[in-house]
2 protein chains.
Amino acid sequence: MRTDLIIAGVGGQGSIMAGTLLGTAAVVFDNKKALQTQAYSSELRGGAAVTWVIISDEPIVYPRVVHPDVLVAQAPQAVTRYFPQLKPGGTLIIDSDMIHEPPPNGYRLIQIPSTSIASKEIGNSIVTNLVILGVLIGATRVVSPDAMEKAIRFSVPKSKIDMNLKAFRRGFEFESP
Amino acid sequence: MRTDLIIAGVGGQGSIMAGTLLGTAAVVFDNKKALQTQAYSSELRGGAAVTWVIISDEPIVYPRVVHPDVLVAQAPQAVTRYFPQLKPGGTLIIDSDMIHEPPPNGYRLIQIPSTSIASKEIGNSIVTNLVILGVLIGATRVVSPDAMEKAIRFSVPKSKIDMNLKAFRRGFEFESP
């Protein structure tokens, strides 16, 4: 039993949030499998927004991350569970406020006290993940810092943009070569 | 050039939001391809949260929705673009405040004035998408209404839960058999 759905509208109507909620309901609360993908047009509010959702009783085969190039671990159990999967020579980024004993060697280690940077320097621990994104992008350039700043401006409530950008830049400068 | 990442932590640290921001930066603002998937453990705040992100310069092959069983169209251009893909006998749900001329026939049509229901009956057009989710689940049961209500409680800011539930239930009753 599988249902394929498209939810499409224009920016601001919440089409994509509807798809995310549907996927969450299916996977977290209905014990089904779901795959949700989405697209925005480059015009933001007013541009086209569409999400594709597959909901199925059977597993959906898609390209999984098996051996990551980069592991960001924000809690000790994340190291325990995912560090063994890290590629040899891969990058491990850890929140050193949360994880005091990183694994021994064979990888590039970046330790950042992101929780305390967020709460003490930026003033709110809620932006810990933005500090983490900053150090991730500073260290790997997996996306450009410019693209990430645009994504923050696009995704975060207007009143919170400055705080999020500040946290991102603090993390970025922490590791940027 | 492809980078596979895992961002893992516990609920409340924003690991999954970090993955979403990274995917948005890559796809919308960096002209790359990305696939982001995620998992929460059943314990919410404090439980494990993990997101897998693939960022690539080349297309990433994953199971796409080609011929949907259900199309939700919130704007006329969504009908124009995606209705030709709908499976014969599929379900088309349209916001009748936005779309005045549905395509002629060969499918199950549900018309709901979701924008005006949200703005006039619920008091805020921002929950138009919740009215739409209600009618979608009432008509298709693609997930259980109970799972959707749990997903709303899980995903929406606490002060907005009641409004979102009210909008969802109004849409659900609109079409529920």
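So, here is what we can say about the structure in this document. Here the residue numbering is sequential within each chain, running from 1 through the sequence in written order. For naming, the first written chain is A and the first written ligand is 1, with later ones following in the order written. The predicted nature of this model means local features are confined to residues of pLDDT at least 70 and side-chain atom pairs, given and counted, to a pLDDT of 80 or more, with totals for whole chains, interfaces and linings taken over all residues. Where side-chain values are given, they derive from all heavy atoms of the structure, hydrogens and water being excluded.

## Looking at the pattern of salt bridges
Residue and element names in this part refer to chain A.
Then, in step 1: Salt bridges are defined by distance alone: a side-chain nitrogen of Lys or Arg within 4 Å of a carboxyl oxygen of Asp or Glu. Within this structure, the stated rule accounts for 12 salt bridges over all chains.
Then, in step 2: Here Lys87 and Asp69 are joined by a salt bridge, their closest N and O atoms 2.7 Å apart. One end of the pair, Lys87, is in the loop between helix H2 (76-82) and strand S5 (91-95); the other, Asp69, is in the loop between strand S3 (48-56) and strand S4 (70-73), and 18 residues separate them in sequence.
Then, in step 3: Each residue is placed in one exposure class: buried if its accessible area under a 1.4 Å probe, protein chains only, is under 20% of its type's maximum, exposed if it is over 50%, and partly exposed if it falls in between. For Lys87, a relative accessible area of 33% gives the class partly exposed.
Then, in step 4: One salt bridge connects Asp146 with Lys150, and the closest N-O pair in it is separated by 3.1 Å. Pair noted here: Asp146 and Lys150 are both in helix H5 (residues 145-155), with a separation of four residues, about one helical turn.
Then, in step 5: The exposure class of Lys150 is partly exposed, given its relative accessible area of 38%. By definition, any uninterrupted DSSP run of H or I lasting at least four residues is a helix, any uninterrupted run of E lasting at least two residues is a strand, and each is numbered from the N terminus.

## What to know about the relation of the copies chain B and chain A
Then, in step 1: Of the two same-sequence chains, chain B is brought onto chain A (RMSD 0.0 Å, axial shift 0.0 Å) by a rotation of 180 degrees. The relationship between the two copies is best expressed as a two-fold rotation axis. Of every C-alpha in chain B, the one belonging to Tyr62(B) sits nearest the axis of rotation, 2.6 Å from it.
Then, in step 2: Contacts are assigned to residue pairs that have any heavy atoms within 4.5 Å of one another. Counting the interface residues of chain B, we find that 100% of their copies in chain A are interface residues as well, pointing to one common contact surface. Only residues with pLDDT of at least 70 in both copies count here: their C-alpha atoms drive the least-squares fit that superposes the copies.

## Some details on the environment of Met98(B)
Then, in step 1: Relative to the helices and strands, Met98(B) resides in the loop between strand S5 (91-95) and strand S6 (108-112).
Then, in step 2: Sequence-wise, Met98(B) and Ile16(B) are 82 residues apart; in three dimensions their C-alpha atoms are separated by 33 Å.
Then, in step 3: With near-sequence residues (within four places) excluded, Met98(B) lies in contact with Gln13(A), Gln74(B), Ala75(B), Pro76(B) and Thr115(B).

## Comments concerning the nonpolar core
Then, in step 1: The nonpolar core is taken to be a set of buried Ala, Val, Leu, Ile, Met, Phe, Trp, Tyr and Cys residues, with the residues joined through side-chain atoms within 4.5 Å. The biggest cluster of nonpolar side chains holds 39 residues, and the ones touching the most others in it are Leu22(A), Leu133(B) and Met148(B).
Then, in step 2: Of the residues forming this core, the biggest block, eight residues, is contributed by helix H4 (residues 128-140) of chain B.
Then, in step 3: For Leu22(A), the residues in contact, after removing those within four places along its chain, are Leu5(A), Ile7(A), Val53(A), Ile55(A), Leu133(B), Leu136(B), Ile137(B), Val142(B), Val143(B) and Met148(B).

## Details of the interface of chain B and chain A
Then, in step 1: Of the residues lining the interface, 67 residues belong to chain B; the matching set on chain A comes to 67 residues.
Then, in step 2: We define buried area as the total accessible area lost by two parts upon association, computed with a 1.4 Å probe and summed across both. For the pairing of chain B and chain A, the buried interface totals around 5800 Å² over both sides, and the portion due to carbon and sulfur atoms is 69%.
Then, in step 3: Counting of polar contacts relies on pairs of N or O atoms within 3.5 Å, with two restrictions inside protein: one atom must be capable of donating a hydrogen and the other of accepting it, and residues adjacent in sequence are counted only when both atoms are side-chain atoms. The interface formed by chain B and chain A contains 22 residue pairs in polar contact (both at pLDDT 80 or more).
Then, in step 4: Sorting elements by how many residues they give to the side of chain B that touches chain A places helix H1 (residues 15-29) of chain B first, with 10 residues.
Then, in step 5: Each residue gets one of three labels, nonpolar for Ala, Val, Leu, Ile, Met, Phe, Trp, Tyr, Cys and Pro, charged for Asp, Glu, Lys and Arg, and polar for the others, Gly among them. Classifying every residue of the side of chain B that touches chain A by side-chain character gives 46 nonpolar, 14 polar and seven charged.
Then, in step 6: Two strands pair if DSSP finds at least two bridges between them. Pairing of S4(A) with strand S1 (residues 2-10) of chain B, which is carried by four bridges, proceeds in the parallel orientation. Its bridge partner lying in S1(B), Val70(A) is registered against Leu5(B).

## Description of helix H6 (residues 161-175) of chain B
Then, in step 1: With 15 residues, H6(B) extends 22 Å from end C-alpha to end C-alpha; this agrees with the ideal 21 Å at 1.5 Å per step.
Then, in step 2: Along H6(B), the positions that sit buried rather than exposed are Ile161(B), Met163(B), Asn164(B), Leu165(B), Ala167(B), Phe168(B), Gly171(B) and Phe172(B). Given the number of residues in a helix, its expected span is that number minus one, multiplied by 1.5 Å.

## What to know about unusual backbone geometry
Residue and element names in this part refer to chain A.
Then, in step 1: Look at Arg141: it is not a glycine, yet its phi comes out positive at around 50 degrees.
Then, in step 2: Mapped onto the secondary structure, Arg141 falls in the loop between helix H4 (128-140) and H5.
Then, in step 3: By relative accessible area, Arg141 is classed as partly exposed at 41%.

## Describing H4(A)
Owing to its 3.6 residues per turn, the α-helix brings residues three or four apart onto one side.
Residue and element names in this part refer to chain A.
Then, in step 1: Between its first and last C-alpha, H4 extends 18 Å over 13 residues, near the 18 Å set by a 1.5 Å rise per residue.
Then, in step 2: Burial analysis of H4 places 12 of its 13 residues in the buried class, the great majority of the element.
Then, in step 3: When we look at burial in H4, the residues that qualify are Thr128, Asn129, Leu130, Val131, Ile132, Leu133, Gly134, Val135, Leu136, Ile137, Gly138 and Ala139.
Then, in step 4: One or two steps after H4, the chain reaches Arg141, where phi turns positive at roughly 50 degrees.

## A look at the pairing of strand S1 (residues 2-10) of chain A
Residue and element names in this part refer to chain A.
Then, in step 1: The buried fraction of S1 is high, at eight of nine residues.
Then, in step 2: Sheet analysis places S1 next to S3, joined by nine bridges and oriented antiparallel. Residue pairing for S3: Ile7 is matched across the bridge by Thr51.

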